[in-house]
Amino acid sequence: MEKSLLAPGHRACAGCAMPTTIKLVLDAAGPNTIVVSPTGCLEVTTTPFPESAWCVPWIHSLFENAAAVASGVEVMLKRRCKDANVIVIGGDGSTLDIGMGSNSGMFERGHKVLYVCYDNEAYMNTGVQRSGSTPFCANTTTTPSGKISLGNPRPKKDMPAIAVAHRVPYVATASVAYPVDLRRKVKKALQVSGPSYIQVNAPCITGWTFDAGTMVEIARLAVETGLWPLVEWENGVVGQVKKVTRPKPVDEYLKLQGRYRHLFKMPDGGEMLKQIQAIADANIAKYRLVD
Amino acid sequence: MMKGVASSASQGQSPKARGEKTTKTLGMKVVEGSYAVAHAVKCCRPDVISAYPITPQTHIVEHLSQMVANGEMDSEFLTVDSEFSALSVLVGSSACGGRCYSSTTSQGLALMYEVLYNVSGMRLPIVMNVANRALGAPLNIWNDQQDSIGARDVGWLQIYVEDVQEAVDATLQAYKIAEDPEIMTPTMVCMDGFILTHVYEPVKLLDQELASEFLPPFAPRSILDTADPKTFGAFADPSTYTEFRYLQFEAQNKALAKIERTAREFEETFGRFYGGLVDSYRADDAEIVIVTLGSVIGTIKDAIDSMRAEGKKVGLVKVRCYRPFPVAALREALKKASIIAVLEKDVSIGGEAGLLADMKAAFYNSSIHPPIIGFTAGLGGRDITINDIEKLVKKAEAAMKGIESEFEFLSLRTEIL
């Protein structure tokens, strides 16, 4: 195996999907790549000065400006006639919430930048607070379950749809459990002449609470239940979709994670499980996941 | 009449420069301040310009956009979603080795606040014209200097200019100072909004050839380059963070000499000089010395001339460089003053005001410490008149016999309170 462009010795948790995701992205992109990262787990686990796990040029500025910084990088590379991939790699908090304005600007200006969001569905670096990407009923430290709470009261923000609405020519969802698919999507995105966006389901052992050995299984179950459909949008139109032959019930995915434990204990939990199943069913119908 | 301060004997608007303004009009054009500054930016040949429109900065970036659109300047101009993104884009471009420019004011500078610290911490020598304006609430689009004075601790160098010509010349100087390998510190050239951005006055525009000679191409030691991968913007824990800040602090200290030297080099090439760190007017024998920054200096000079005619020993010291704060130059320039009256267009609500606090700090441990009193005026665009200056001087005269008020709002309209 070739040497990874993300060196070992970084400080991410054992069982974290994020470094695996980054390695797959860099593996597909190759060394002729400049990475821009917002503040988050990725930044703090890979760049404690004077160390760095990055074997490609890498820049971090702030939490909410990675897409703007990447725009500036892309413009200068073009100006100097240098051909290199410019890839933003950031978590869901910076992508869907605080960095939305900056992302929107980068998308509509049409910079040739691939934006990869590793989506672990909450603010994990600060201690598992709810983000706009936190799914319905998930327990977080700011949407805790309690006597009168069943966890996060709102569904996930649909960031791929927001990217599509910006006429981003290539948008895709991917999963750490499907490495071949993820690599293919990164390569495809880098061929696009304008911006591209890939959102990768990336389980967080600390925030989701699961056994470290089950990370890939959990990510796979998200796809197999229909809760994380693997979809590509090319020029706004749904393209290739990963079919799910026999969708599994959402309970199989949820019961492996501590963040949903309350649903299996509380009297109203059953009703919530039905509503989560309805979200999966809607995805299955919308993207025709079953032939 | 005009007497030098700081390191040299004959500073101030040198006779050469004054002559140029009054008699040698050849080569001068009557242009809008914003156009003159945009023209100066063009002569600095920035790679990337990124800006978001906000009054009264708009004309500067409109002129630059037109110059790019006309093919008169070879720069990338990015229209962005906010001031926050405007400066963030430049973080990326500067880290790739590009010379970068932006301009903003007031709310826009406030929105940039987080990025301001980041740019200085990453030692990216971006230059920005701040078209000084008040901050809301209440909303107010007119001039004061609350915006940049409020940003005094963000790690940028700050130069305040008196007129359009100085804004032009300081913009070119700013890049030379900021990009010095020993300095590598972003720089704000602060010019009073509307008063200087929208005024039409005779200006000697920069000559491109001379400007290019004066300002060599930007060649940073470290850039984002796939041939030599480096990590930019790593996080620093308690064992190293302090030393990053110290190095910035040291670079600002080194900038004191660099700013002086650059002003002198500029004079050699272009024949104009405004003082390096500070400048003075009729201050050598003055008992009462007014200390201030920005465009109000013109009014103060007129007021001083008429008060001098009445026999009052009044003078002026202009703070051209506010960050780094030129303590030694100010102590030298003010060593004979019987009282110092600081006038500024900002207020530190709950404290006093920015320049006043720095002035008091500069003199407290000095062997000479004349009494220092402070005034805020001109907030939200209110004119500061000759009458106001005379009022200030009367208060300073009274304070020489005993200070009653260390800080006050000058010409406060008590009838509407």
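Residues numbered from 1 in each chain as written. Chains lettered and ligands numbered in written order. Predicted model: local features only at pLDDT ≥ 70, side-chain atom pairs only at ≥ 80, totals over all residues. Heavy atoms only, no water.

Caption draft 1: Seen up close, the overall build of chain B. Of the regular secondary structure elements, chain B holds 14 helices and 16 strands. Relative to the 2.2 N^0.38 estimate, which gives 22 Å for 417 residues, the radius of gyration of chain B is 21 Å and therefore close to what a compact globule would have. For chain B, the residues scored as buried account for 57% of the 417 residues in total. In chain B, 82% of the contacts between residues at least 6 apart in sequence involve partners at least 24 apart. Put simply, chain B shows about 16,100 Å² of open surface, and 53% of that area lies on carbon and sulfur atoms. Of the charged side chains in chain B, 41 are positive and 54 negative; the average position of the first set lies 5 Å away from that of the second. (Helix = DSSP H or I, 4+ residues; strand = E, 2+ residues; numbered from the N terminus. Rg over C-alpha atoms; globule rule 2.2 N^0.38 Å. Buried < 20%, exposed > 50% of the residue type's maximum accessible area, 1.4 Å probe, protein only. Contact = heavy atoms within 4.5 Å. Areas by Shrake-Rupley, 256 points an atom, 1.4 Å probe, with all protein chains shown as cover. Lys, Arg positive; Asp, Glu negative; His and termini not counted. Charge placed at Lys NZ, Arg CZ, Asp CG, Glu CD.)

Caption draft 2: Layout of unusual backbone geometry. With an omega of 5 degrees, the peptide bond running from F49 of chain A to P50 of chain A counts as cis. Position of P50 of chain A among the secondary structure elements: in the loop between α2 (41–46) and β2 (58–60). A cis geometry characterises the amide bond from A137 of chain B onward to P138 of chain B, with omega recorded as -10 degrees. When you line up the elements, P138 of chain B lands in the loop between β5 (127–132) and α7 (146–150). Positive phi, normally seen in glycine, also occurs at T209 of chain A, with a value near 50 degrees. Its location among the elements puts T209 of chain A in helix α8 (residues 205–209). In this structure, R288 of chain A takes a positive phi of about 50 degrees despite not being glycine.

Caption draft 3: Geometry of the pattern of salt bridges. All names here are of chain A. Counted according to the given criterion, the structure contains 41 salt bridges over all chains. In this structure, K243 and D291 form a salt bridge, with 3.4 Å as the shortest nitrogen-oxygen distance. Taken together, the residues span a long stretch of sequence, with K243 in the loop between β10 (237–241) and α10 (250–254) and D291 in the segment after α11 (269–286) at a distance of 48 residues. The class of K243 is partly exposed, set by a relative accessible area of 39%. Judged by its relative accessible area of 81%, D291 is exposed. (Salt bridge = Lys/Arg side-chain N within 4 Å of Asp/Glu carboxyl O.)

Caption draft 4: Region of interest: the interface of chain B and chain A. Taken together, the 39 residues of chain B in the interface contact 37 residues of chain A. For the pair chain B and chain A, the summed buried area comes to about 2,900 Å², and 61% of that belongs to carbon and sulfur atoms. Of all residues in chain B, L224, T226 and F235 of chain B give up the largest surface area on contact with chain A, accounting jointly for 21% of the area buried on that side. At the junction of chain B with chain A, the criterion picks out five salt bridges. For R109 of chain A, the salt bridge goes to D81 of chain B, with nearest N and O atoms at 3.6 Å. Elements with a contribution of two residues or more to the side of chain B that touches chain A: β3 (76–79), α4 (83–95), α6 (113–121) and β9 (231–232) of chain B. Classifying every residue of the side of chain B that touches chain A by side-chain character gives 19 nonpolar, 13 polar and seven charged. (Buried area = accessible area lost by both parts, 1.4 Å probe. Nonpolar A, V, L, I, M, F, W, Y, C, P; charged D, E, K, R; others polar.)

Caption draft 5: A look at the packing of aromatic side chains. All names here are of chain B. Tallied over the entire structure, the rule returns 14 aromatic pairs over all chains. Aromatic pair F266 and F270: ring centres 4.4 Å apart, planes at 20 degrees, arrangement stacked. Of the two residues, F266 and F270 both sit in helix α10 (residues 241–270), four residues apart, roughly one turn of that helix. Like F270, F266 is buried. Here F407 and F409 contribute two aromatic rings whose centre-to-centre distance is 6.1 Å and whose plane-to-plane angle is 65 degrees, an arrangement assigned as edge-to-face. Judged by relative accessible area, F407 falls into the buried class, the value being 17%. Since its relative accessible area comes to 39%, F409 is described here as partly exposed. Directly above the ring of Y281 sits K301, whose terminal nitrogen or CZ lies 5.5 Å from the centroid. (Phe/Tyr/Trp six-rings, centres within 6.5 Å; stacked < 30°, edge-to-face > 60°. Lys NZ or Arg CZ within 6 Å of the ring centre and 35° of its normal.)

Caption draft 6: Representation of the sheet that holds β3 of chain B in the model. Residues and elements named next belong to chain B. Strand order across the open sheet formed by seven strands is β3-β2-β4-β5-β7-β6-β13, with mixed pairing between neighbours. Looking at strand neighbours, the two that pair on one side only are β3 and β13 (321–323), the edges of this open sheet. Averaged over neighbouring strand pairs, the angle between their axes works out to 20 degrees when direction is ignored. Inspection of the sheet shows strand β2 (residues 48–51) paired to strand β4 (residues 100–104) by two bridges, in the parallel sense. (Pairing = 2+ DSSP bridges. Axes fitted to C-alpha atoms, helices over the stretch in contact; angles between N-to-C directions.)

Caption draft 7: Local environment of the sheet that holds strand β11 (residues 288–292) of chain B. All names here are of chain B. Read from one edge to the other, the open sheet built from six strands follows the order β10-β12-β11-β14-β15-β16, with strand pairing classed as mixed. Of all strands in the sheet, those bounded by a partner on one side alone are β10 (278–281) and β16 (407–409). Pairwise comparison of adjacent strand axes, ignoring direction, gives a mean angle of 20 degrees for this sheet. In this sheet, strand β15 (residues 372–376) lies alongside strand β14 (residues 339–344) in parallel orientation, the contact comprising five bridges. Within β15, the residue paired with V342 across the bridge is G374. Packing against the sheet, helix α11 (residues 297–309) makes contact with β10, β11, β12 (314–319) and β14, and its axis sits at approximately 165 degrees to β12.

Caption draft 8: Up close: the environment of L410 of chain B. The topology assignment puts L410 of chain B in the segment after β16. Considered as a pair, L410 of chain B and M191 of chain B are 219 residues apart in the sequence and their alpha carbons are 22 Å apart.

Caption draft 9: Quick look at the confidence of the model for chain B. Residues and elements named next belong to chain B. Summing up the model confidence of chain B, the mean pLDDT is 94 and the portion of residues at 70 or higher is 94%. Note on residues 1–25: pLDDT is under 50 here. Beyond four places in sequence and across chains, it has 60 contacts. For this predicted complex, the interface confidence comes out at an ipTM of 0.96, alongside a pTM of 0.94. (pLDDT = per-residue confidence, 0-100.)

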